[in-house]
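Given next are the chains, with one letter for each unit.
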Amino acid sequence: MKRRLITSALPYVNNEPHLGNLIQVLSADAFARFCRLRGYETCYVCGTDEYGTATETRALEEGVSPRELCDRYWEIHSRIYRWFNIEFDKFGRTSTPIHTEVTQDIFRRLDEAGFITEKTMEQLYCPACERFLADRYVRGDCPHCGYDGARGDQCEKCGKLLEPTELKAPRCSSCGTKPLLKSTKHLYIDLPKLRGRLETWIDVAAARGKWARNAVQMTKSWIRDGLHERAITRDLKWGIPVPKEGFENKVFYVWFDAPIGYVSITGALGEERGQDWKRFINYWWKDPENVELFQFIGKDNIPFHTVIFPSTQLGADQSDGQADGKNWTMLHHMSSTEYLNYETGKFSKSNGIGVFGTDAMETGIPADVWRFYIFYNRPEKSDALFVWKDFGEKVNAELIGNFGNLVNRTLSFVTRYYDGLIPLAEEREREKTERFWEKAREYETAITEKLEWAELRDAFHLIFELSSFANKTFQDGEPWRTRKDDPPAASELIRNLTFLVRDLAVLASPFIPEAAEKVAGFFAGGDGKPVKPSWKELGKTEGVERVVKSAVLFERLPEERMAELRERYSGAQAERPPAYSETSAVAGGILPRSGRLVQAGLPAVTENDIEKRFNETVDLRVAKIVKVEKHPKADKLYIETLDIAGEERVIVSGLVPFYREEELLGRHIIVVYNLKPAKLRGVESRGMLLAASLKTEDGEIVEVLDGEGVETGTQAHPEGFTPPDAALPEIDIDTFSEIPITVRQNTVYIGGLALCLNGKPVKTARIENGDVH
């Protein structure tokens, strides 16, 4: 079984990703999760593409250094991907010493092998900005289709790659000035010299690796139109220095070094794991006999992954006496999607059009629901459209009405009528069972085969077809009737459906991992302990014996809420109203303790408002409960003595209805350290412990926030923030209560950022979504 090396296109660091950008990262994540479940040794790497003029220009606009800009956006990307539950082996970046060393080494090898040429060229220069203009900072009319907004490197409308001097009516994209031609010397990679080797490799790799249709078509088009020498250097400061005499003041063009980022980030992973990073690179990137490379990209990135980067690999091999890629792990399978468009137009990072990662986070809609719609609507073979109305309809009909309904109705039947024990097999029902599983296993085999070749949308749709088949079987079997009229038929039906629900949890886990894990957690072995299902168990009616509970997985998305969100996220980001206004929201009485504008269905958080105010106002610290006693004058109150880094404090809490004394004694908890002292029934309380709460039909659930494993006195703070150096002044309870603290998907949030201890988010075990008091 070959190892699987997986990459998704490196997102450029000049903005946050929108849903269209997220498709590739999510797709690679789903495939990597599948590969791990199937037992493949898997390595999934990605990271931010950080060099180039776009970074320099954006940094200049914001008055920060390129490094500061990249640090900030790397954190933004990382936070978004964590929220979407992307399980990278490594999410790195290209502005690292390892990346510089790997890129310069590959360049030297190309140069030694004779694939680098020098040319003096006429390059567009903006006299107003006093700089040479990189390709993407020249705009003009496309010479092929006439589009008047074509970039100097590629026309976004027809997809043709361009040289900036080919544009008609060129202009500087920063100031609009007509640029001048000015001489400068640059280095080029000699693609025509590599064409024969490249074509031989493409013919074999495309067939063997079952490349996507658009990847084959675009690659053949490139070859047919003829390969040209392509510049690999630029007149910039922010980039990798060129290690060649006479070119010391130039840097590598970002398109040349960015794909090499896959290699260098793999090396960074090895270093992170305490290994020799060069050997780790060789283990994954220089072992084509034992490693298959799967790459996930959008169609506009195809030529860079099927022509440019493979040419770089083939040319670099020449210096080792090879010229056919035998040393390199080269592209095996290309999963290239079409475009995801937005409502009536296109997603656009540069124009701020569409739904961006932080937008999704702020809606309060769980990550798995977004993942569901992105995979269900994945533009696998043709362009797709994100429409808010369709989003709600698909979630309600398929995710909830089909998948969620099957899980809930089946497992609740087991807990209600069979005391949680999965019924034993009934011999007289064997024929029906065999027919049922023959059909189910056909689906499971087809889903597995689709996933082996990263046909994610088709596989995902088959999962819901299987769920529909199971729902129909449930309905046709009428277990609510046969439970009394024909008990063996009912028990066999429920037994089969229960194991199929277990299988669906496995099949769905690459796509909607949190929901799948939750479903898997409903099952247990005969001893009552959790049993982790695996791909190997698919189609088998064994491995689990009990259903310990069942629960509703998702909440419906009302049509009116979708309409509100559509209105909210129309137009450009810069034109949208602020997500949160302290005066209007709080004074107007529509900001509940959950921190969400429930009347409008809109988010109530911004990174520079709530989280910053919290960090500058509230001091949260870990404390250990060393003594617990009931309040002598109040039935529902405990008096707890705390140890906070050697300091003794006493607090009062209303936990008697929810915790026994022995359950609290010795626990590490989180307290509001700078809360003003207050007397509660005659006892002074110097602080307040934090607990999550959730109201249900059966009453209120309360869960004390856990600080186990963390030293007392450690401060908790929003993700990305550090506690102020100076001690914070005392605050009253009203000031503290104004700041929304919530639990979403078992993670505690301050506004839109996770609450962290030692860099790790604070988690809850029992409350998935609720408030913190």
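Residues numbered from 1 in each chain as written. Predicted model: local features only at pLDDT ≥ 70, side-chain atom pairs only at ≥ 80, totals over all residues. Heavy atoms only, no water.

**Student:** Lay out the overall build of the chain in plain terms, naming residues and giving numbers.
**Tutor:** Regarding its fold elements, the chain presents 22 helices and 34 strands. Relative to a compact globule of 773 residues, whose C-alpha radius of gyration would be 28 Å, the chain shows 29 Å and is just as compact. The long-range share in the chain, meaning contacts at least 24 apart out of those at least 6 apart in sequence, stands at 74%. The averaged location of the 119 negative side-chain charges in the chain is 2 Å from the averaged location of its 103 positive side-chain charges. (Helix = DSSP H or I, 4+ residues; strand = E, 2+ residues; numbered from the N terminus. Rg over C-alpha atoms; globule rule 2.2 N^0.38 Å. Contact = heavy atoms within 4.5 Å. Lys, Arg positive; Asp, Glu negative; His and termini not counted. Charge placed at Lys NZ, Arg CZ, Asp CG, Glu CD.)

**Student:** Give me the lowdown on the packing of aromatic side chains, citing residues and values where you can.
**Tutor:** Tallied over the entire structure, the rule returns 47 aromatic pairs. Pairing Trp370 with Trp388 gives two aromatic rings, centres 5.8 Å apart and planes at 85°, and the pair type is edge-to-face. Of the two residues, Trp370 sits in helix H11 (residues 367–376) while Trp388 sits in helix H12 (residues 388–417), which places them 18 residues apart along the sequence. On the accessibility criterion, Trp370 (1% relative accessible area) is buried. The class of Trp388 is buried, set by a relative accessible area of 0%. Note that Arg744 overlies the ring of Tyr749, its terminal NZ or CZ placed 4.1 Å from the centroid. (Phe/Tyr/Trp six-rings, centres within 6.5 Å; stacked < 30°, edge-to-face > 60°. Buried < 20%, exposed > 50% of the residue type's maximum accessible area, 1.4 Å probe, protein only. Lys NZ or Arg CZ within 6 Å of the ring centre and 35° of its normal.)

**Student:** Run through the packing of H12 against helix H18 (residues 559–568), naming residues and quoting values.
**Tutor:** Two elements in contact, H12 and H18, have axes separated by 8 Å at closest approach and are oriented at 145°. Where H12 crosses over H18, the two elements pack in a sense that is right-handed. When H12 is examined against H18, the residues Trp388, Lys389, Phe391 and Gly392 are found in contact with a partner set consisting of Glu559, Met562, Leu565 and Arg566. Here the residues of the contact of H12 with H18 sort into four nonpolar, one polar and three charged. (Axes fitted to C-alpha atoms, helices over the stretch in contact; angles between N-to-C directions. Left-handed = near helix turned anticlockwise from the far one by under 90°. Nonpolar A, V, L, I, M, F, W, Y, C, P; charged D, E, K, R; others polar.)

**Student:** Tell me what's going on with the state of the cysteines, and back it up with residues and numbers.
**Tutor:** Summed over the entire model, instances satisfying the criterion amount to zero disulfides. Left without a disulfide partner, Cys43 is nearest to the cysteine sulfur of Cys35, which lies 12 Å away. Under the relative-accessibility criterion, Cys43 is labelled buried at 2%. (Disulfide = S-S within 2.5 Å.)

**Student:** Lay out the nonpolar core in plain terms, naming residues and giving numbers.
**Tutor:** By size, the foremost hydrophobic cluster in this structure holds 175 residues, and its most contacted members are Leu19, Phe84, Trp285, Trp370, Phe386, Trp388 and Phe391. Take this core: its biggest share by element is 12 residues, from helix H16 (residues 487–508). Apart from the residues within four sequence positions on either side, Trp370 is in contact with Leu19, Trp83, Phe84, Val355, Ala360, Thr363, Ile365, Phe386, Trp388 and Phe391. Counting 25 residues, the second-largest nonpolar core is a separate cluster that includes Leu620, Ala692, Ile741 and Val743. (Core = buried A, V, L, I, M, F, W, Y, C linked by side-chain atoms within 4.5 Å.)

**Student:** Describe in detail helix H4 (residues 97–112), supporting the description with residues and values.
**Tutor:** The end-to-end C-alpha distance of H4, which contains 16 residues, comes to 22 Å, matching closely the 22 Å that a straight helix rising 1.5 Å per residue would cover. Buried residues of H4: Ile98, His99, Thr100, Val102, Thr103, Gln104, Ile106, Phe107 and Leu110, and no others. (Expected span 1.5 Å × (residues − 1).)

**Student:** Report on the pairing of strand E6 (residues 138–141), specifying residues and quantitative values.
**Tutor:** Judged from the three bridges that link them, E6 and strand E8 (residues 168–172) form a sheet pairing that is antiparallel. Looking across to E8, one finds that Asp141 is bridged to Lys168. Pairing of E6 with strand E7 (residues 150–151), which is carried by two bridges, proceeds in the antiparallel orientation. Looking at E7, one finds that Gly140 is bridged to Ala150. (Pairing = 2+ DSSP bridges.)

**Student:** Describe the environment of Glu271, with residues and values.
**Tutor:** Relative to the elements of secondary structure, Glu271 occurs in helix H7 (residues 254–272). By relative accessible area, Glu271 is classed as partly exposed at 47%. Placed 173 residues apart in sequence, Glu271 and Ile98 show a C-alpha to C-alpha distance of 9.6 Å. Residues within four places of Glu271 in sequence aside, it is in contact with Ile98 and Trp277.

**Student:** Can you break down the pattern of salt bridges residue by residue, with the values?
**Tutor:** What the rule picks out here adds up to 54 salt bridges. Among the salt bridges present, the one from Arg72 reaches Glu62, with a minimum N-O distance of 2.1 Å. In this pair, Arg72 sits in helix H3 (residues 66–83) while Glu62 sits in helix H2 (residues 53–62), placing the two residues 10 residues apart along the sequence. Under the relative-accessibility criterion, Arg72 is labelled partly exposed at 35%. (Salt bridge = Lys/Arg side-chain N within 4 Å of Asp/Glu carboxyl O.)

**Student:** Describe the sheet that holds strand E1 (residues 3–8), listing the residues and the values that go with them.
**Tutor:** If you trace the five strands from one edge of the open sheet to the other, you get E3-E2-E1-E13-E14, paired in parallel fashion. The open sheet has two free edges, formed respectively by strand E3 (90–93) and strand E14 (331–337), since each of these has just one partner strand. Averaged over all neighbouring strand pairs, the angle between strand axes comes to 20°, with direction disregarded. On top of the sheet, helix H1 (residues 19–38) reaches E1, strand E2 (42–48), strand E13 (291–298) and E14; it is set at about 165° to E1, its chief contact. In the packing of helix H8 (residues 277–285) onto the sheet, contacts are made with E1, E2 and E13, and the angle to E1 comes to roughly 100°.

**Student:** Which residues make up the sheet that holds E7, and what values do they have?
**Tutor:** Read across the open sheet, the three strands follow the order E7-E6-E8; overall the sheet is antiparallel. In this open sheet, the two edge strands, each paired with only one partner strand, are E7 and E8.

**Student:** Mind laying out the confidence of the model for the chain, listing which residues take part and the relevant values?
**Tutor:** Of the residues in the chain, 93% have a pLDDT of 70 or more, and the chain-wide mean is 88. Predicted confidence for residues 579–608 stays below pLDDT 50, and this span has 79 contacts to residues more than four positions away or in other chains. (pLDDT = per-residue confidence, 0-100.)

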